[in-house]
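Residue-level listing of the chains:
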Amino acid sequence: MEKIKAKKSLGQNFLIDQEALSDIADAITISGKNIIEVGPGYGALTDYIIERKPLSLELVELDSDMIHILEWRYGESELTIHHTDILQFIPKHKKYSVIANIPYYITSPILFHFLYDIQNQPDDMVIMMQKEVGEKILEGRKEKKPHHSFLSLCMEYACEDIKIIRYVDRSSFDPKPKVDSIVLGFSRKKNRDLQQEKQLIYLWKVAFAHPRKTLLSNLKWSTYNTENIRNIIIELWYDERVRAEAIDKNDWIFLLQN
């Protein structure tokens, strides 16, 4: 570990808390399953995954220096090491799970990659991310006064369940980042209307373009009929000055269809 240096250019912070590593590995069923680990680094979490006897294990790592270490450590084992950008990686298995301790700046792209961009999507995922980002995703699932965002809505529509696995303090990393972390578990919905979701994503991109503006203000310059939407908003008992964040996730279907 002393000779391994994190690269700021790749946003690397190595998780060294053994309890946290164990909890992440225990967050989903690994035994007998196809597992993809994203950003394994030098293999700290990989060891815990191997202990739980996956059916297959694929490591996807971008850093060439880490690839050399992984090949040295696991070259004789049955796991597969991919030296590539995860956003260019297409899983070969139809059923698999994802475990990822990744640089925070690519959290959203990775979530969209696995839940929207590729056809063979994972059954479930365990993803470590910046605490603030994870809590924003969870804000949309509150029973009382949910606070939605573009990201939270996209995740809610794609997932049957999103749950907190654990919080991870910044002191659990080397080097220590400036923020704390959270580990979330995502269980993908089995039956999804992908065409409708694409239409909703386009609507949400417009609706949340300027979060502090009202929904109607954001839609004003779009192709949507704002007068129709104004009428629907009033029929659904919202104030016409409502922001997109306050629209119930189930009401977006009405707005989309009118």
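Structure: see above.
A.B. asks: Describe in detail the overall build of the chain, supporting the description with residues and values.
C.D. replies: Across its full length, the chain carries 10 helices and 9 strands. Summarising the internal contacts of the chain: among those between residues at least 6 apart in sequence, 63% fall at separations of at least 24. Side-chain charges in the chain split into 35 positive and 38 negative, and the spacing between the mean points of these groups amounts to 4 Å.

A.B. asks: Which residues make up the pattern of salt bridges, and what are the values?
C.D. replies: Counted according to the given criterion, the structure contains 15 salt bridges. Residue glutamate 132 pairs with lysine 136 through a salt bridge whose shortest N-O separation is 3.7 Å. With glutamate 132 and lysine 136 both in helix H5 (residues 131-139), this residue pair falls 4 residues apart, about one helical turn. The salt bridge involving arginine 241 is made with aspartate 239; its shortest N-O contact spans 3.0 Å. Take arginine 241: its relative accessible area is 62%, and that puts it in the exposed class. Residue aspartate 239 is classed as partly exposed on the basis of its relative accessible area, which comes to 39%. Salt bridges sharing partners connect three or more residues here, namely Lys95, Asp123, Arg188 and Lys190.

A.B. asks: Lay out the packing of H5 against helix H6 (residues 150-158) in plain terms, naming residues and giving numbers.
C.D. replies: Their axes nearest at 8 Å, the elements H5 and H6 cross at an angle of 60°. The orientation of H5 with respect to H6, classified from their angle, is oblique. The two elements H5 and H6 cross, and the hand of that crossing is right-handed. Contact residues: H5 offers Val133, Lys136 and Ile137, while H6 offers Leu151, Ser152 and Met155. Its residues placed into classes, the contact of H5 with H6 shows 4 nonpolar, 1 polar and 1 charged.

A.B. asks: Report on the layout of surface pockets, specifying residues and quantitative values.
C.D. replies: Space inside the largest pocket adds up to approximately 510 Å³. Around the largest pocket, the lining is made up of 32 residues, and of these Gly39, Glu61, Asn101, Ile102 and Pro103 lie nearest the centre. If you list the elements that add at least two residues to the lining of the largest pocket, you get strand S1 (14-15), strand S2 (34-38), helix H2 (44-51) and strand S3 (56-61). Class assignment of the residues belonging to the lining of the largest pocket gives a composition of 21 nonpolar, 7 polar and 4 charged.

A.B. asks: Can you tell me about unusual backbone geometry, naming the residues and giving the values?
C.D. replies: Phi angles above zero are rare outside glycine, and lysine 53 is one such case at about 55°. Notably, tryptophan 237 is not glycine yet its phi reads approximately 70°, a positive angle. Its location among the elements puts tryptophan 237 in the loop between helix H9 (226-235) and helix H10 (252-257).

A.B. asks: Can you tell me about H6, naming the residues and giving the values?
C.D. replies: In terms of residue burial, H6 counts as a mostly covered element, since 8 of its 9 residues are buried. In this fold, the buried residues of H6 make contact with helix H4 (107-117), H5, strand S7 (159-168), strand S9 (181-188), helix H7 (194-207) and H10.

A.B. asks: Run through the packing of aromatic side chains, naming residues and quoting values.
C.D. replies: Tallied over the entire structure, the rule returns 6 aromatic pairs. Note on phenylalanine 112 and phenylalanine 150: the rings are 5.9 Å apart at their centroids and 15° apart in plane angle, and the pair reads as stacked. One end of the pair, phenylalanine 112, is in helix H4; the other, phenylalanine 150, is in helix H6, with 38 residues separating them in the sequence. Since its relative accessible area comes to 16%, phenylalanine 112 is described here as buried. Considering the side-chain rings of tryptophan 204 and tryptophan 252, the 6.4 Å spacing of their centres and the 85° angle between planes classify their relative orientation as edge-to-face. With tryptophan 204 in helix H7 and tryptophan 252 in helix H10, this residue pair connects regions lying 48 residues apart in the sequence. Using a relative accessible area of 0% as the deciding quantity, one classes tryptophan 252 as buried. Connected via pairs of aromatic rings, a cluster forms that spans Tyr157, Trp204, Phe208 and Trp252. Note that lysine 189 overlies the ring of tyrosine 157, its terminal NZ or CZ placed 5.5 Å from the centroid. Across from the ring centre of tyrosine 116, 5.0 Å away, lies the NZ or CZ of arginine 192, which sits over that ring.

Reading the values: rules and limits
Residues numbered from 1 in each chain as written. Predicted model: local features only at pLDDT ≥ 70, side-chain atom pairs only at ≥ 80, totals over all residues. Heavy atoms only, no water. Helix = DSSP H or I, 4+ residues; strand = E, 2+ residues; numbered from the N terminus. Contact = heavy atoms within 4.5 Å. Lys, Arg positive; Asp, Glu negative; His and termini not counted. Charge placed at Lys NZ, Arg CZ, Asp CG, Glu CD. Salt bridge = Lys/Arg side-chain N within 4 Å of Asp/Glu carboxyl O. Buried < 20%, exposed > 50% of the residue type's maximum accessible area, 1.4 Å probe, protein only. Axes fitted to C-alpha atoms, helices over the stretch in contact; angles between N-to-C directions. Parallel < 35°, antiparallel > 145°, perpendicular 65-115°, else oblique. Left-handed = near helix turned anticlockwise from the far one by under 90°. Nonpolar A, V, L, I, M, F, W, Y, C, P; charged D, E, K, R; others polar. 1 Å grid on protein atoms, 1.4 Å probe; cavity = no way out; pocket = protein on both sides within 12 Å on 5 of 7 lines; lining within 4 Å. Points joined across faces, edges and corners; volume = space filled by probe spheres on them. Phe/Tyr/Trp six-rings, centres within 6.5 Å; stacked < 30°, edge-to-face > 60°. Lys NZ or Arg CZ within 6 Å of the ring centre and 35° of its normal.

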